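As a plain string of letters, each chain reads:
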Amino acid sequence: MEVENRFITIKEYVQGSPSESDLEVRNGSVVLKVVEGSNDVVVKNIYVSIDPYQINRMKKLSSSQSAINFATRLLPGQGIDAYGIGKVVASANPDFEKDDIVVGLLGWEEYSVVRSAFFLRKIDSTEFPLSYHAGLLELYVTVFYTHIIECRSQIWKSKGEAQEAVKKESIDSLKPLEGELEDKPFYGGKSLGYVDVVLVPFACWFYTYETDNNFSIENECPKLIALVKRYMQKESVSKVLPNPHKVYDFVGLSGLTAYAGFYNVCKPKKGEKVFVSAASGSVGNVVGQLAKLFGCYVVGCAGSKKKVDLLKDKLGFDDAFNYKEESDLKSTLKRYFPEGIDIYFDNVGAEMQEAAVANMNAFGRVAVCGVISEYTDQAKRFAPDMLDVVYKRITIQGFLAADYMHVFPDFISTTSDHLRQGQMHALEDISEGLESIPSAFAGLFRGDNVGKKLVRVSED
Ligand SMILES: NC(=O)c1ccc[n+]([C@@H]2O[C@H](COP(=O)([O-])OP(=O)(O)OC[C@H]3O[C@@H](n4cnc5c(N)ncnc54)[C@H](OP(=O)(O)O)[C@@H]3O)[C@@H](O)[C@H]2O)c1
């Protein structure tokens, strides 16, 4: 049966701050049936995640587009892939049945056809509200995972000389993993770690498509496949992964950005002074809550009084301020941190970063998670005083959550425990209906959202 499938697209490449009119709803269609043997799954979307990084995909050119393969450029008229939660309406994949609730890479659309069930995971647990799985407990697509799957697909699609070049490039990029993984422990079983994330897509590749268009992954990467075989035989793995596709049940959660950024990049010590920007946003509010639970002194900034009150009254921040009411950020931060800042969790970049560095203590750490104020204004560039950086021995480090899959098991158990014990709040901001996506997205850059921005596309 073919039904209407409305989706969101950009009309043109976006320049500057996005507005509702940069995006439009288009009518498409989808067949609610799958070809047997294809492993495809058709999902009716329920929640879709609205994230700032999409703006960098909507530009004609952004350095992020070539740096990482899940931030590729979008074309005007094209659908927009995004995390989401939905209900299976048709499945040719043995691991998914009609009416299963799933989370994964879906799209800003009413229905998504997920080829080979790529990166789809069933949500079996009803412990937390469904929407948490697209926010605080969000599924995370790892760099390796997408890279490995992309290599396979490129080899499969290419022919002749072009295929030889693609094969060489893929093997060159995959080979280093052989050495890197050899001595690492497997997690397997209950939770998924870095090794699992890398080995399982190889397992899918090897077991499901042993020979691909004149290319055998076993011949090319024998050590890796030997590891995969060993991995699949491990008791805890074989119990839960009788079939490699089952990996989708175990893949990821996010909030990982906040968790890994705070613990692994900022490397906090109890009692340290922490400053968080965009503190009422999806990542920022979690960072502040984790820092408080860890025993730090935490100040956040946000763009309205309502947000500032929420940080102090509900989320337990020690203090907070509205940066839009401040004319001299360096002296503002001096006021809030008379003894200096030890950790700055940067979500906004530009002048706030400059002011934070000016107020940092010796051996301070700046985790550059995002620079949202620079996404919409490419001319906006500020530079921290490099003498401060040298003489105060400050570390400024950019990071992506995908680099921290090895902390994944800790992240899951810690965050779930905090939620269970009521020590942490999940802050969500949900708009209704597919047609609200343009304003939900543009609103991120006006500061409309409080917490994780989601759009409910259909009823739970
Ligand atoms: N490194 C990673 O792996 C990773 C992963 C996820 C997200 N990120 C980055 O982390 C940052 C936060 O993302 P999120 O998903 O949590 O979004 P979010 O904070 O929920 O939403 C964006 C917020 O940023 C603030 N903002 C918008 N424009 C601004 C500007 N020009 N100057 C200062 N603040 C501005 C607004 O709050 P106010 O009212 O406070 O202005 C807005 O609500 C983004 O930079 C994002 O790209 C990085």
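Positions within a chain are numbered from 1, following the residues in the order the chain's sequence is written. For a predicted model such as this one, the threshold for reporting local features is a pLDDT of at least 70, and the threshold for listing and counting side-chain atom pairs is 80 or more; totals across whole chains, interfaces and linings nevertheless cover every residue.

The name given to the protein in an unreviewed UniProt entry is 2-alkenal reductase NADP+-dependent-like protein, with the source organism recorded as Cinnamomum micranthum f. kanehirae.

## What about helix α13 (residues 350-358)?
Here α13 has its buried residues at Met352, Gln353, Ala355, Ala356 and Val357. By the convention adopted here, residues make contact when the C-beta atoms placed from their backbones lie within 7 Å. Secondary structure elements follow DSSP: runs of H or I no shorter than four residues count as helices, runs of E no shorter than two count as strands, and numbering proceeds from the N terminus. Where α13 is buried, its residues touch β10 (273-276), α12 (329-336), β13 (341-346), β14 (360-368) and α15 (386-391). Any residue with 12 or fewer other C-beta atoms within 10 Å of its own C-beta is exposed, any with 20 or more is buried, and the rest are partly exposed; the C-beta atoms used are placed from the backbone.

## A look at helix α10 (residues 282-294)
Take the number of residues in a helix, subtract one, and multiply by 1.5 Å to get its expected span. Taking 1.5 Å per residue, 13 residues should reach 18 Å; α10 reaches 19 Å between its end C-alpha atoms and fits that length. The buried count for α10 comes to ten of 13 residues, which makes it a mostly enclosed element. Where α10 is concerned, the buried positions are Ser282, Val283, Gly284, Asn285, Val286, Val287, Gly288, Gln289, Leu290 and Ala291. Packed against the buried residues of α10 are α9 (256-265), β10, β11 (297-302), α11 (305-313), β13 and β17 (452-456). Positive backbone phi, approximately 105 degrees, marks glycine 295, located one or two places after α10.

## Observations concerning the packing of α9 against α10
Put simply, α9 and α10 touch, their axes get as near as 8 Å, and they point 45 degrees apart. Taken together, α9 and α10 sit at an angle that is classed as oblique. Of the two possible hands of crossing, α9 and α10 adopt the one that is right-handed. Contacts from Thr257, Ala258, Tyr259, Gly261 and Phe262 of α9 reach α10 at Val283, Val286, Val287, Leu290 and Ala291. A per-class count over the contact of α9 with α10 returns eight nonpolar, two polar and no charged. As a rule, the C-alpha atoms of each element are fitted with a line to give its axis, helices using only the stretch in contact, and angles between N-to-C directions run from 0 to 180 degrees. Convention used here: angles under 35 degrees read as roughly parallel, angles over 145 as roughly antiparallel, angles from 65 to 115 as roughly perpendicular, and any remaining angle as oblique. The crossing is said to be left-handed when, going from far helix to near helix, the turn is anticlockwise and less than a right angle, and right-handed when the turn is clockwise. Gly is placed with the polar residues, together with every amino acid not listed as nonpolar (Ala, Val, Leu, Ile, Met, Phe, Trp, Tyr, Cys and Pro) or charged (Asp, Glu, Lys and Arg).

## Thoughts on the sheet that holds strand β15 (residues 395-398)
Any two strands with at least two DSSP bridges between them are considered paired. Spatial strand order, β12-β11-β10-β13-β14-β15: six strands in an open sheet with parallel pairing. The two strands at the open ends of the sheet, each matched to only one other strand, are β12 (319-322) and β15. Neighbour-to-neighbour, the strand axes of the sheet open up by a mean angle of 15 degrees, direction not taken into account. The pairing of β13 with β14 spans five bridges and is parallel. Of the residues in β14, the one forming a bridge with isoleucine 343 is arginine 365.

## Side note on the site of the ligand
Near, as applied to residues and a molecule or strand, means the residue's backbone-placed C-beta atom lies within 6 Å of it. Near the ligand lie 28 residues; those nearest to it are Gly281, Ser282, Gly303, Gly370 and Gly447. Contributions of two or more residues to the shell around the ligand are made by α10 and α14 (372-375). Per element, the largest residue contribution to the shell around the ligand is three residues, and it comes from α10. Here the residues of the shell around the ligand sort into 13 nonpolar, twelve polar and three charged. For the domains described, the bounds stem from an automatic or database domain assignment. Taken together, domain 1 (2-140 + 411-456) and domain 3 (257-401) each give at least three residues to the shell around the ligand, which thus spans both.

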